[in-house]
Amino acid sequence: MPKITVPLGPQHPALKEPGSFMLSLEGEEIKDAVLRLGYNHRGVEKAAEARNYVQNIYLLERVCGICSHAHATAYVHNVEEIAQLEVPQRAKAIRMIVGELERLHSHLLWLGVAGHEIGFDTLFMYSWRDRELVLDALEEISGNRVHYSMNSIGGVRRDMSNEQIKKVLGILKTLEKRIKYYITVGTEESTILARTQGVGVLPKDEALKRCATGPQGRASGVDRDVRRDNPYLLYDKVDFKVITQDSCDVFGRLVVRALEMVESCKILKQVLENMPSGDIAVKAPIKIGPGEAVNRYEAPRGEDIHYLKANGTDVPARVKVRAPTLANFESVAYMLEGDTLADAPLIIAAIDPCFSCTDRMSLVQTGTGKSGIMSFKELRAYSIEEYKKKGIDFSKL
Amino acid sequence: MARPLRAWRELVKNLFRKHVTGQYPHTKPVIDKNYRAKILFDANKCIGCNICVRNCPADAIKIIQVNQDEKPTEVDGKTIPAKRKFKCVIDLAKCVYCGQCTDGCPVKALSSSQDFELAHFNREALIDEMKHPYETESKKK
Ligand code: SF4
Ligand code: SF4
């Protein structure tokens, strides 16, 4: 049979953002997939070097429209680390509340998109209806539905009143019921099972090799979650489970996300019921540094890494963002191979991709000064050493 | 419960449920009072410190002095320079409604309103010029 190459993207109705997938088909089966990014490079990192630390909160928040709080928080953590600011407990709690609400909203959104890709539009409408509840809560707490802008350097911008806390707890009650319903629908409904089970398989060793992160990795049995392994904010004080699945397919990713929503509700309840009192922010200096910092944040899509270098002025010297989709993108080629063309949009959607967040440009200059490429092994050894300095041992992974 | 039966139950329940979606623009959505939309400016309070301009992430706000030509007054033989007066111009097409300007203003001259219906057919209409009363008065003269 002759091979046919079908381009999926960069502009394609099944993709919400531009990304290119060159699929070589034999009949209906995908034999080979070539992935390309870079259609929506916005130059966020460079733009950050021309703005002051306060302006950058809003700029970096806009790296992603869905995990906006994740990026902003990872960034302010870096600034606070360099400036050695002690963030008040209440501010940490509020950051956590917004972060977990964001996870709920992101997972509900994904569930709807997945339903839509499967051809189950009722699920799409149901889950997006329930997502409105979360967005309403976020609107009331922060003043916006998507770009919450809750963070300031040294704390948060708005306090939460007791009525708001009560209202969010009420919303959680409704949501818990709805999530339970989705878990039943997701695990029993034959359309969903037929379209997701055994589709886009990513075995554990491949997931590890390709550095899959977040729900994508956890659905392949990679038991990793920054919130537990390298706790930030108040995550070391709350009790929650890291959800993993061994089915390694799209179904597993659906189950992981659905059960993670239950855990998010659990975390939210614990924080809301034990809100620390006190200030919500400390005063931050205008000029930061010099110094550098790296921080990780468990975004709804996986591990989000931010690096910041400060040089003592009011603008950063360098900002580097590693969005979770970049880590997960590598596995898409593997998952597509051997599946059918009709499953391609679903497999791509299953990593919950954010192509625009991922688009970065790097300039590698050779021949001047010292430069080199680190192998995976060296990089791993280096990062284990770095984390040992912070008192976390990752050598057993 | 068998699947068809469950589907029927869902269907019948939905027949009597209220619509979730609103009929915008016939019925307006309820906007929370905490919502950050169009920025309002109180010209009488502004001291022209420019903190809002410095921290605006979108470069959308401008504070412009309006009374450069105002003469100093003579009181008991002393000349007192006129109090500086400012107007505020916000480009609504650039503004991202983050509210940083309202947070940073030391005299609370700026505030967020809940007016979110700001779309327009021409760009000029999006330049929101919030004048100081001095400008309109001096024009009348
Ligand atoms: S709301 Fe934000 S973007 Fe708009 S003028 Fe104020 S600081 Fe600038
Ligand atoms: S921060 Fe307030 S007082 Fe200062 S220039 Fe802006 S509006 Fe005027």
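**Student:** Describe the site of ligand 2, and please don't skip the residues or the numbers.
**Tutor:** Not every one of the 13 residues close to ligand 2 is listed here, only the nearest: C46, C49, N50, C52 and C105 of chain B. When grouped by side-chain class, the residues that make up the shell around ligand 2 number 11 nonpolar, two polar and no charged.

**Student:** Pulling in residues and values, what's your account of the interface of chain A and chain B?
**Tutor:** Facing 24 residues of chain A, the contacting portion of chain B comprises 21 residues. Between chain A and chain B the total buried area reaches about 1900 Å² when both faces are included, carbon and sulfur atoms providing 35% of it. Put simply, chain A and chain B have one salt bridge between them. A salt bridge links D103 of chain B to R157 of chain A, with the nearest nitrogen and oxygen atoms 2.7 Å apart. For the pair chain A and chain B, the interface holds 17 residue pairs in polar contact (both at pLDDT 80 or more). The set of elements that each furnish at least two residues to the side of chain A that touches chain B consists of α2 (53-61), α5 (121-142) and α6 (162-188) of chain A. A breakdown of the residues in the side of chain A that touches chain B according to their chemical character gives six nonpolar, nine polar and nine charged.

**Student:** Could you give me a rundown of the pairing of strand β6 (residues 291-299) of chain A, with the residues and numbers involved?
**Tutor:** Residues and elements named next belong to chain A. Of the pairings in the sheet, the one linking β6 to strand β7 (residues 302-310) comprises nine bridges and is antiparallel in character. When the sheet's bridge partners are listed, E292 is paired in β7 with K309. From the end of β6 to the start of β7, which pair antiparallel, there are two residues.

**Student:** Quick rundown of helix α15 (residues 376-389) of chain A? Include the residues and the values.
**Tutor:** If you check α15 of chain A, its first and last C-alpha atoms are 20 Å apart, about what 14 residues at 1.5 Å a residue would give, namely 20 Å. Downstream of α15 of chain A by a residue or two, G391 of chain A has a phi angle that is positive, lying close to 85 degrees.

**Student:** Requested: an account of unusual backbone geometry, with residues and values cited.
**Tutor:** A cis geometry characterises the amide bond from G289 of chain A onward to P290 of chain A, with omega recorded as 5 degrees. Mapped onto the fold, P290 of chain A is located in the loop between α11 (250-273) and β6. Note the cis peptide between Y24 of chain B and P25 of chain B, where omega equals 5 degrees. A positive phi angle is found at C211 of chain A, which is not glycine, with a value near 60 degrees. Mapped onto the elements of the fold, C211 of chain A is located in the loop between α8 (204-209) and α9 (214-218). Its relative accessible area of 36% is what places C211 of chain A among the partly exposed residues. Here Y97 of chain B, not a glycine, exhibits a phi torsion of approximately 55 degrees, which is positive.

**Student:** Can you explain the nonpolar core? Please cite residues and give values.
**Tutor:** One finds F21, L23, I97, L101, L104, M160 and L336 of chain A to be the most contacted residues of the largest nonpolar core, which totals 113 residues. The leading source of residues in this core is helix α4 (residues 89-118) of chain A, at 15 residues. Setting aside residues up to four positions removed in sequence, M160 of chain A forms contacts with R90, I94, I97, I141, I165, V168, L272 and M275 of chain A. Counting 23 residues, the second largest nonpolar core, distinct from the first, contains C46, I90, A109 and M130 of chain B.

**Student:** Describe the packing of aromatic side chains, with residues and values.
**Tutor:** Applying the stated rule across the entire model yields 10 aromatic pairs over all chains. Aromatic ring contacts, followed pair by pair, group Y232, Y235, F240 and Y297 of chain A into a single cluster. Geometry around W128 of chain A places R131 of chain A over its ring, the cationic atom sitting 4.9 Å from the centre. Its end group placed over the ring of Y134 of chain B, K85 of chain B keeps NZ or CZ at 5.1 Å from the ring centre.

**Student:** Let's hear about the domain arrangement of chain A: which residues, and what values?
**Tutor:** Residues and elements named next belong to chain A. Segmenting chain A into domains produces domain 1 (44-357) and domain 2 (362-397). For domain 1 and domain 2, the distance between their C-alpha centroids amounts to 25 Å. Contacts between domain 1 and domain 2 engage six residues on the former and six residues on the latter. In this assembly, domain 1 packs against domain 2 so that about 520 Å² is buried in total across both faces, 52% of it on carbon and sulfur atoms. Considering only the surface of domain 1 that becomes buried against domain 2, R224, N230 and R296 emerge as the three largest contributors, covering 58% of it.

**Student:** Describe in detail the site of ligand 1, supporting the description with residues and values.
**Tutor:** Neighbouring ligand 1 are I39, C56, P57, A58, I61, C95, V96, Y97, C98, G99, Q100 and C101 of chain B. Of the residues belonging to the shell around ligand 1, the class tally is 10 nonpolar, two polar and no charged.

**Student:** Report on a nonpolar patch on the surface, specifying residues and quantitative values.
**Tutor:** Residue and element names in this part refer to chain B. Side chains of W8, L11, V12, L15 and F16 sit close together on the surface and give an oily, nonpolar patch of about 630 Å² of accessible area. Structurally, W8 can be placed in helix α1 (residues 3-15). Given a relative accessible area of 57%, W8 falls into the exposed group.

Criteria and cut-off values
- Residues numbered from 1 in each chain as written.
- Chains lettered and ligands numbered in written order.
- Predicted model: local features only at pLDDT ≥ 70, side-chain atom pairs only at ≥ 80, totals over all residues.
- Heavy atoms only, no water.
- Near = heavy atom within 4 Å.
- Nonpolar A, V, L, I, M, F, W, Y, C, P; charged D, E, K, R; others polar.
- Contact = heavy atoms within 4.5 Å.
- Buried area = accessible area lost by both parts, 1.4 Å probe.
- Salt bridge = Lys/Arg side-chain N within 4 Å of Asp/Glu carboxyl O.
- Polar contact = N/O pair within 3.5 Å; in protein donor to acceptor, adjacent residues only side chain to side chain.
- Helix = DSSP H or I, 4+ residues; strand = E, 2+ residues; numbered from the N terminus.
- Pairing = 2+ DSSP bridges.
- Expected span 1.5 Å × (residues − 1).
- Buried < 20%, exposed > 50% of the residue type's maximum accessible area, 1.4 Å probe, protein only.
- Core = buried A, V, L, I, M, F, W, Y, C linked by side-chain atoms within 4.5 Å.
- Phe/Tyr/Trp six-rings, centres within 6.5 Å; stacked < 30°, edge-to-face > 60°.
- Lys NZ or Arg CZ within 6 Å of the ring centre and 35° of its normal.
- Domains from an automatic or database assignment.
- Patch = residues over 30% accessible without salt bridge, like charges linked within 9 Å, V, L, I, M, F, W, Y side chains within 5 Å.
- Areas by Shrake-Rupley, 256 points an atom, 1.4 Å probe, with all protein chains shown as cover.

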